[in-house]
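For reference, the chains in residue letters:
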Amino acid sequence: MKYPKIIINETKFLNNIKVAMQICKEKKIEVLAVTKGFCGNKKMAELYAKAGIKYFGDSRLENFDVYSDIKGHKQLLRIPSLSEIPDVVKKCDSSLNGDIQTIKTISEYCILNKLKPHKIVLMIDLGDRREGVLPNETMKVVDEIIKLKGVELIGLGCNFGCYGARIPSDWAMKEFVDLQHNIENKYNLKLTHMSGGNSLSLHLVWENRMPKEINFLRMGFAMIFGTEDMYRKTIPGMYRDCFRCEAEVIEVDYKSSMPVGEAGIDAFGHKPHFDDIGDIKRIILNIGKLDTAFDAMYPRDQDLKILGGSTDHLIINANDSKINYKVGDIVTFDLDWTSLLYLFNSKYVEKVFEK
């Protein structure tokens, strides 16, 4: 058996998807499954579809190619660049947008190529300061979109947490749906796709604080890790351990905790800090920064302490562990978003599915 690997428990993951869908269904909210964390892994998209997901979102157009045969609405989550527009309208049913020039270019492309209007979800920046139109500029931008024949405005979207770590608030969500009402009243149209954020917004649903107008949530984290971003507590009925990483011990030795010699910079241009705690039992694993993020890896043997590593090595202090690790032994880790993303993206990490 090859290592390192990331192991996906299908039964637990399917359960998490269904629990999330049920929580949202009770409030008439559709779950749009965010697939970007799986870096184009088709099996993961198939699991979403098996659970009943009908809306899929990704930030990389190449990933849509992998599961193009899976039925459902495909939405580009990262606002498209001008160079991507031909692929966006070909591969996606809708896209999130925050720049009027991009929207105009999409319209021009669709008209020029005699294509049906591309569906637009206009992103509103409610404070996180990533993508989107500011609320006080929204009506002006919508005025321009409405005049375009090559696009169709189907709704509004907002995002929290990903850049500015802002938490969705009641006043922000009220401002969001007020914009919806203003647009619908002015143009006598119905916005059918009100996307009220990501997993960070899920707590608003079960706390009965989510406005009734919100009918979509873009969700990845909550279903993957069985927690929501606000409190980082386990969601009732979900599993936190759907995913785990296993790596193999390739060296065991006792060495000083302090490197010897004049200090320079490491392989990544940083000057690391070391605490002198004498000689320690060190184990080296066959996984490195090329494959994962060390600060988002959590050994299930809680007596192990990650010291650091390099491109291809992970170095651990095993001094306090009750396990006598030997070369060839396997160390298991729980994960967070960053480590999961890197592990799925690494071609050197095997992806293993278990029931």
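Residues numbered from 1 in each chain as written. Predicted model: local features only at pLDDT ≥ 70, side-chain atom pairs only at ≥ 80, totals over all residues. Heavy atoms only, no water.

### Observations concerning the overall build of the protein
From N to C terminus, the protein includes 10 helices and 16 strands. Principal-axis analysis of the C-alpha atoms gives the protein an extent of 75 × 45 × 40 Å. Classification of the 355 residues of the protein by burial places 50% in the buried group. Expressed as a percentage of contacts within the protein between residues at least 6 apart in sequence, the contacts between residues at least 24 apart total 65%. (Helix = DSSP H or I, 4+ residues; strand = E, 2+ residues; numbered from the N terminus. Buried < 20%, exposed > 50% of the residue type's maximum accessible area, 1.4 Å probe, protein only. Contact = heavy atoms within 4.5 Å.)

### Structural notes on the pattern of salt bridges
Summed over all chains, the structure comprises 24 salt bridges. Arg-244 is the salt-bridge partner of Glu-246, the closest N and O atoms lying 3.4 Å from each other. Just as Glu-246 is buried, Arg-244 falls in that class too. Among the ionic pairs, Lys-322 bridges to Asp-303, the shortest N-O distance being 3.1 Å. Placement of Lys-322 in the loop between β14 (314–317) and β15 (330–335) and of Asp-303 in the loop between β12 (297–299) and β13 (305–309) is noted, with a sequence separation of 19 residues between them. Through salt bridges with shared partners, a single network forms among Lys-5, Arg-244, Glu-246 and Glu-354. (Salt bridge = Lys/Arg side-chain N within 4 Å of Asp/Glu carboxyl O.)

### So, helix α7 (residues 170–187)
Across its 18 residues, α7 extends 26 Å between first and last C-alpha, which sits within 8% of the 26 Å expected from 1.5 Å per residue. Of the residues making up α7, those classed as buried are Ala-172, Met-173, Phe-176, Val-177, Leu-179, Gln-180, Ile-183 and Glu-184. When α7 is viewed along its axis, its buried side chains cluster within an angular range of 140° and face the same direction. Exposed side of α7, more than 90 degrees from the buried face: Trp-171, Lys-174 and Asn-185 are the residues found there. Phi turns positive one or two residues past the end of α7, at Asn-188, with a value near 55°. (Expected span 1.5 Å × (residues − 1). Arc of directions from axis to C-beta.)

### Considering the packing of aromatic side chains
For the structure on display, the rule yields 11 aromatic pairs. Taking the centre distance of 5.7 Å and the plane angle of 50° together, the rings of Phe-56 and Tyr-67 count as tilted. Pair noted here: Phe-56 is in strand β3 (residues 55–58) and Tyr-67 is in the loop between α3 (61–66) and β4 (73–76), with a separation of 11 residues, a long-range link. Summarising the burial analysis for this pair, Phe-56 and Tyr-67 share the class buried. For the ring pair Phe-64 and Tyr-67, a centre distance of 6.0 Å and an interplane angle of 55° mean the geometry is tilted. Each member of the pair, Phe-64 as well as Tyr-67, is classed as buried. The ring of Phe-353 carries the charged tip of Lys-43 above its face, separated from the ring centre by 5.9 Å. (Phe/Tyr/Trp six-rings, centres within 6.5 Å; stacked < 30°, edge-to-face > 60°. Lys NZ or Arg CZ within 6 Å of the ring centre and 35° of its normal.)

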